[in-house]
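Chain and residue survey
As a plain string of letters, each chain reads:
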Amino acid sequence: MSIDELDFSIERGLLFIENRQLANGGFPCLLAQTTNCIVEDLLEFDDGVKKSKVTQEDDTVFPASLIGLSLLHLKDNSGARKILDRVASFLLQNKSNYDMWRHYIGAHQLSTLVPYDLDNSALASFLLKELGFPAPNNHSFFYSNRSTNGLFYTWVTFRIQWVSNIKYWLSLWREFRHPIGQYFFWKLMPCEKRDIDAGVNSNVLFYLGESDNTEAVVDLMVQVIQEGREEACDKWYSRAILIYYFFSKNIKKGIPKLEPLKEIIKNRISAEFKSDGQIFKSVLDTALAVSTLIDIGYPQYIPKKTIQFLLNSQNPEGSWDKWMIYYAGHDRTSGYGDDAISTSFVLEALHKYKMYQLSLSPEFLNS
């Protein structure tokens, strides 16, 4: 492959994402629901047999943040920057008075019931800051949403626990205003008020940075990897490669306690290499693995056939196949993803690999 091949593939992918972007700057997301405990993909039909119920949701914040997070690596590209600017506008439009975000917005039936959450808020805040917008004034809000052991709750909601932050209490007005709706929300949804998710905590650490206030998060991440609990540590990111990917962003920052995780994660990813270059189960998994290996300092372990596999898997319209990016609960009966999300992660991986190759040889000769 050559730099021209990578650039051509990246430009096609960016064009696809631009065309998939909604008028308001956000992105759609597909929701697959099945009675099977393991949802493998987002195909409504498989060989003509109805496989799952698939609906498109246009009133969600998270897809825009995920795609923006990946495209940040390409922000010097004019096409990527155009997409990112529209994402930033979308996030700013949907930011609350408390500089926090909810997953559902607009006309979605859950928009009045779903509370603020730290995952959406952390990634949106980080993205806006990196794009040059004033940093949201929400650090104290985050710190007010911790358990007694220092870990961050996923949801901003009422709990029997003293919190001195007035913004925290003011933000709960919707919850107190709709008590019946709130009762059924927490009863029927696959989440609990005291949820503490390791992937979410890692994303909070990525935004807030290492400090005494986030020390417990670092310790949790170490425990998860050392104990092999990657697939059970988070209700939403219930696949090992997603945990490796999000953890690797903090490992790249050079947090000393996370250094021992590098070798462990590298070995676990290497054990999933396939003969055709694929890693784990899909193109999306492969892209996540490539980015992870580069971020933890092992780009030399990426086979060239893996990058060729990604290039060969690109669809004629410039996309890569949709696959699950997160679930709603450990039983995996509801899964979310979209080809624009998959494409953004592949573009991140290709760009990182390109920059690695250029660091070795500015000419990046054909191989």
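These remarks concern the structure in this document. On a predicted model such as this, the values are computed, not experimentally measured, just so you know. (Residues numbered from 1 in each chain as written. Predicted model: local features only at pLDDT ≥ 70, side-chain atom pairs only at ≥ 80, totals over all residues. Heavy atoms only, no water.)

**Re the state of the cysteines**
Scanning all chains against the criterion turns up zero disulfides. With no disulfide of its own, C29 lies 16 Å from the sulfur of C191, the closest cysteine sulfur. (Disulfide = S-S within 2.5 Å.)

**Here we look at the packing of aromatic side chains**
Scanning the model with the defined rule gives 18 aromatic pairs in all. Measuring from centroid to centroid gives 5.5 Å for F142 and Y207, while their planes differ by 55°, and the two rings are tilted. Separated by 65 residues along the polypeptide, F142 in helix α5 (residues 139-143) and Y207 in helix α9 (residues 198-208) bring together distant segments of the chain. Side by side, F142 and Y207 carry an identical accessibility label, which is buried. When the ring of F158 is compared with that of F176, the centres are 5.9 Å apart and the planes differ by 65°; the resulting orientation is edge-to-face. Remark: F176 occurs in helix α7 (residues 173-177) and F158 occurs in the loop between α5 and α6 (166-170); sequence separation between them is 18 residues. Grouped by ring-pair contacts, the aromatic residues W155, F185, W186 and W236 constitute a single cluster. The side chain of K266 reaches across the aromatic face of Y298, ending 5.3 Å from its centre. The ring of Y327 carries R332 above its face, with NZ or CZ at 5.1 Å from the centroid. (Phe/Tyr/Trp six-rings, centres within 6.5 Å; stacked < 30°, edge-to-face > 60°. Helix = DSSP H or I, 4+ residues; strand = E, 2+ residues; numbered from the N terminus. Buried < 20%, exposed > 50% of the residue type's maximum accessible area, 1.4 Å probe, protein only. Lys NZ or Arg CZ within 6 Å of the ring centre and 35° of its normal.)

**Things to note about helix α8 (residues 179-188)**
Every buried residue of α8 is listed here: Q182, F185 and W186. Angular distribution of buried residues about the axis of α8 spans 85°; they occupy a single face of the element. Relative to its buried face, α8 has exposed residues pointing more than 90 degrees away, namely I180, K187 and L188. On the buried face of α8, the contacting elements are α7. (Arc of directions from axis to C-beta. Contact = heavy atoms within 4.5 Å.)

**Some details on the sheet that holds strand β5 (residues 326-327)**
Backbone hydrogen bonds hold the strands of a sheet together, and the pairing may be parallel or antiparallel. Taken together, four strands build an open sheet; the order of strands is β4-β1-β6-β5 and the sheet is antiparallel. Two strands bound the open sheet, and with one partner strand each, they are β4 (53-57) and β5. Sheet analysis places β5 next to strand β6 (residues 334-337), joined by two bridges and oriented antiparallel. Counterpart to Y326 in the pairing with β6 is Y336. (Pairing = 2+ DSSP bridges.)

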